[in-house]
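Reading the structure
Read off the chains here:
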Amino acid sequence: MLEWIDFTLWQNCEAMERPGYVFEVANSEEQRMLTTCVVPLEVPFDWSTLPIKFRIVREQQPRHSAPLPPAVGEN
């Protein structure tokens, strides 16, 4: 993981993109989100403060979930 970058540099995020990585964005309340480079960035509706920093992090690989159990009455 790289160090945090001031959010005023977000408009340059396209130059920082790398395959297999996404951006972690945080606000002053330490609420965080993962995103690709989207300018302007839309923050979640429940954030009460704007983003203040971001960094590039390795994208997590998807996990397979367990199969759903059969429906009641199905065999």
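The structure reproduced in this document is the subject of the present report. Everything numeric in this text was worked out from a predicted model, so none of it was measured.

**With respect to the side chain of Thr35**
- Relative to the elements of secondary structure, Thr35 occurs in strand β3 (residues 32–35).
- Judged by its relative accessible area of 12%, Thr35 is buried.
- When residues no more than four places from it in sequence are discounted, the contact partners of Thr35 are Trp10, Val22, Phe23, Val25 and Leu41.

**Structural notes on the packing of aromatic side chains**
- Counting across every chain of the model gives five aromatic pairs.
- Ring centres of Phe7 and Trp10 lie 5.5 Å apart, and the angle between their planes is 15 degrees; this geometry places the pair in the stacked category. With respect to class, Phe7 is no different from Trp10; both count as buried.
- A ring pair is formed by Phe23 and Phe54, whose centres lie 5.9 Å apart and whose planes are at 70 degrees; its orientation type is edge-to-face. Taken together, the residues span a long stretch of sequence, with Phe23 in strand β2 (residues 21–27) and Phe54 in strand β4 (residues 51–58) at a distance of 31 residues.
- Overall, the relative accessible area of 2% leaves Phe23 in the buried class.
- The buried category is assigned to Phe54, whose relative accessible area is 0%.

**Let's talk about the sheet that holds β4**
- As summarised here, the arrangement of the four strands in space is β1-β4-β2-β3, forming an open sheet in which the pairing is antiparallel. In this open sheet, the two strands that pair with only one neighbour each are β1 (5–6) and β3.
- Two strands pair when backbone bridges link them, and β2 and β3 are joined in this way by four bridges, in the antiparallel orientation. By the bridge assignment, Phe23 is partnered in β3 with Thr35.

Criteria and thresholds
- Residues numbered from 1 in each chain as written.
- Predicted model: local features only at pLDDT ≥ 70, side-chain atom pairs only at ≥ 80, totals over all residues.
- Heavy atoms only, no water.
- Helix = DSSP H or I, 4+ residues; strand = E, 2+ residues; numbered from the N terminus.
- Buried < 20%, exposed > 50% of the residue type's maximum accessible area, 1.4 Å probe, protein only.
- Contact = heavy atoms within 4.5 Å.
- Phe/Tyr/Trp six-rings, centres within 6.5 Å; stacked < 30°, edge-to-face > 60°.
- Pairing = 2+ DSSP bridges.

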